[in-house]
Amino acid sequence: MTLLRHILSKFAWYVAAFAAALALNFFLPRLLPGNPVDSLISQALRGTTSSETKQRVYETYIREFGLDQNLWSQFVTYVGNVLTGDFGTSFSRYPADVGTMIGDALPWTILLQLPAVLLGWLIGNLIGALAAYKRGGFDRSVYLTSLFLTAAPYYCLAVILLYGLAVALPLFPTGGGWSFGLAPEWSGVFTMDAVSHWFLPFLSLLLVFIGGQAIGMRSMAVYEVDADYVRFAESFGLADRKIVGYIFRNGMLPQITGLALAIGTLIGGALLTEIVFSYPGIGTLLYDAILNKDYPVIQAVTLLVLIVVLVANFLVDVLYGFVDPRIRAAERGDR
């Protein structure tokens with residue numbers, strides 16, 4: 001019952017956090033200066049001089065987007081639409097459906113971030129544990145390199161890689177998701193081209209994540225290398241690989257918690273990275289929406305990011321309840 005109570009209390013907290021964030025997600029975009037309908041009309045009626053025509057179109061758009069209602073009515077409508085999965089129509093790409101736009105961009109972001117998170121967590125923690133065990137010059141090199149990687153803003157490292165490997169040494173494309181003249185399709189030619197565009201954004205995220213995880217694991221593992229079980233394993237002549245594995249498992253618990261916090265940071269950094277590389281993911285979609293004051297797209301993207309962060313944190317909290325022996329012992333009634 002202790003573990004179940006632990007999960008339910010966490011779930012209640014995340015539901016409350018989601019409700020508060022949902023309200024902020026609606027009101028914050030409306031604090032942006034300007035009216036998105038004015039921008040939409042200037043694009044749609046370019047060259048039209050009739051003020052009467054512009055006024056009729058303006059009133060039509062205001063009614064269609066629900067902007068003629070008071071703010072509270074708009075909020076109630078927004079919450080109802082969100083709960084039914086209706087994110088509305090894009091202002092800047094009218095009449096494009098926001099859900100369809102996100103569906104087109106989301107796979108690119110998932111393919112970029114998911115491998116970076118999983119590989120970065122695994123590689124970074126293994127390197128951190130190995131550095132703490134080996135000590136000496138290897139430890140200092142790993143620490144300084146990881147410190148640089150984790151301290152560098154995502155966009156700075158992205159710009160450095162972009163200039164170094166795409167401009168100075170044209171080994172990779174400078175941006176985009178695929179080359180001009182190609183269209184997304186399931187073919188070997190397009191896949192190889194997409195991978196070449198994907199690699200630099202992926203590498204920039206991976207390096208930053210490895211740096212942060214390596215520092216965290218090293219800080220935990222330095223307290224483990226002098227533990228009795230390590231000396232006992234060394235006295236039996238166990239291979240370094242085995243001993244590092246023991247250190248990794250014992251230092252893993254705090255890193256699981258750190259993973260949840262890092263996911264939120266990584267998502268924010270990934271959005272900036274996508275913008276630097278003009279990658280066709282959620283980040284670029286959000287950037288364009290902010291420039292065009294596209295409320296429905298801004299709200300949908302930020303809501304999606306919010307849900308991903310909350311779900312990731314909730315799952316990590318639940319996983320921690322299974323992994324942490326103290327919670328399991330409390331469930332059995334042990335002291």
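Residues numbered from 1 in each chain as written. Predicted model: local features only at pLDDT ≥ 70, side-chain atom pairs only at ≥ 80, totals over all residues. Heavy atoms only, no water.

1. Some remarks on the environment of Ser-141
Part 1: Note that Ser-141 resides in helix 6 (residues 136–151).
Part 2: For Ser-141 and Ala-131, which are ten residues apart along the polypeptide, the C-alpha to C-alpha distance reads 8.8 Å. (Helix = DSSP H or I, 4+ residues; strand = E, 2+ residues; numbered from the N terminus.)

2. Quick look at the pattern of salt bridges
Part 1: Across all of its chains, the model carries two salt bridges by this definition.
Part 2: The residue Asp-288 makes a salt bridge to Arg-93 at a minimum N-O spacing of 3.8 Å. With Asp-288 in helix 12 (residues 282–291) and Arg-93 in the loop between helix 4 (71–83) and helix 5 (98–134), the pair connects residues that are 195 residues apart, well separated along the chain.
Part 3: A relative accessible area of 27% means that Asp-288 is categorised as partly exposed.
Part 4: When its relative accessible area of 42% is taken as the criterion, Arg-93 is described as partly exposed.
Part 5: Note that Arg-218 and Asp-139 form a salt bridge whose closest N and O atoms lie 2.6 Å from each other. Within this pair, whereas Arg-218 is found in helix 8 (residues 188–221), its partner Asp-139 is found in helix 6, the two being separated by 79 residues in sequence. An identical accessibility class is assigned to Arg-218 and Asp-139; each is buried. (Salt bridge = Lys/Arg side-chain N within 4 Å of Asp/Glu carboxyl O. Buried < 20%, exposed > 50% of the residue type's maximum accessible area, 1.4 Å probe, protein only.)

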